[in-house]
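Now for the letters of each chain:
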Amino acid sequence: MRIGLGYDIHQLVTGRKLILGGVDIPFDKGLLGHSDADVLVHAVCDALLGAACLGDIGMLFPDTDPEYKDIDSMKLLIKTYDLLKENGYSIINIDATVSAEAPKLSSYREEMRGNISKVLHTDSDSVNVKFTTSEGLGFVGKGEGINAMCIALIEKRSRKE
C-alpha cells in the first residue's frame with residue numbers, strides 16, 4: 001500500500017465559474033487558474049500521483065501547455081486514473097478537505113463524491129469530501145481564495161487481475 005498527499009490553492013476572482021469536485025457552484029466569484037482551477041480535483045490528482053510516484057499535476061499537465069487552457073479538471077483526473085491503471089495501481093480510498101469561507105458547500109458533497117468516484121471507477125464510499133473554514137484567518141479566511149488537501153491510499157494490483 002502507498003499513501004499520497006495532495007494540496008492546491010487558487011485565488012477567487014470575479015468573471016470565473018466556481019467549479020469544485022466537477023460541480024458548477026453558483027457564486028459571484030470563481031477560481032483563477034490555467035484550467036478550470038478545481039482545487040478539489042487538483043488535490044486528488046496530486047495525492048494519487050504522489051502515492052504512485054508519478055510526479056505531480058504541474059509536471060504532467062503544465063500551465064504553459066495550451067492544451068490545458070480552461071480544461072475541465074475532471075479530464076485531468078481521468079488522465080491521472082489512466083496513469084495509475086497503466087502502472088498497476090488500484091485506489092483504496094480518498095479523503096479530501098476543502099477550506100472556504102464562502103459559499104457553503106455541504107449541499108454539494110454527494111455530487112462531488114459521485115463525480116470523483118465515477119471517474120476513478122470506485123464506490124462513492126471510498127471517496128470522502130469534507131468542508132471547513134479558516135475562521136477568518138489568512139488568504140482563505142479573508143475570502144480571497146479556496147484551498148483543498150487530499151490523502152489517497154492506493155495499492156499495486158496483483159498480476160492475476
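The structure we're discussing is the one just above.
Residues numbered from 1 in each chain as written. Predicted model: local features only at pLDDT ≥ 70, side-chain atom pairs only at ≥ 80, totals over all residues. Heavy atoms only, no water.

Glancing now at the state of the cysteines. Enumeration according to the criterion identifies zero disulfides in this entry. Its sulfur unpaired, C150 is 9.3 Å from the next cysteine sulfur, which belongs to C45. (Disulfide = S-S within 2.5 Å.)

Right, let's get into helix α3 (residues 73-86). Because an α-helix packs 3.6 residues into every turn, residues spaced three or four apart end up facing the same way. Taking 1.5 Å per residue, 14 residues should reach 20 Å; α3 reaches 20 Å between its end C-alpha atoms and fits that length. Along α3, the positions that sit buried rather than exposed are S73, M74, L76, L77, T80, Y81 and L84. Down the axis of α3, the buried side of the element spans an arc of 150°, and every buried residue falls inside it. Contacts from the buried residues of α3 go to α1 (39-51), α2 (57-60), β5 (89-99), α4 (109-119) and β7 (145-156). At the N-terminal end of α3, a side-chain oxygen is found 2.8 Å from the backbone nitrogen of M74, two or three residues along, and the residue is D72. A positive phi of about 85° marks G88, the residue just after α3. (Helix = DSSP H or I, 4+ residues; strand = E, 2+ residues; numbered from the N terminus. Expected span 1.5 Å × (residues − 1). Buried < 20%, exposed > 50% of the residue type's maximum accessible area, 1.4 Å probe, protein only. Arc of directions from axis to C-beta. Contact = heavy atoms within 4.5 Å. Polar contact = N/O pair within 3.5 Å; in protein donor to acceptor, adjacent residues only side chain to side chain.)

With that settled, consider the pattern of salt bridges. Using the criterion set out here, one finds six salt bridges in the structure. Close ionic contact of D95 with K130 constitutes a salt bridge, the shortest N to O distance being 2.7 Å. With D95 in strand β5 and K130 in strand β6 (residues 127-132), this pair connects stretches of sequence that are 35 residues apart. For D95, a relative accessible area of 26% translates into the label partly exposed. Between R113 and E110 there is a salt bridge; the shortest N-O distance is 2.9 Å. Linking R113 with E110, this pair stays in helix α4, spanning three residues, or about one helical turn. You can call R113 buried: its relative accessible area is 14%. Among the charged side chains, a network of salt bridges with common partners joins R16, K69 and D70. (Salt bridge = Lys/Arg side-chain N within 4 Å of Asp/Glu carboxyl O.)

Nothing here speaks to function; it is geometry throughout.
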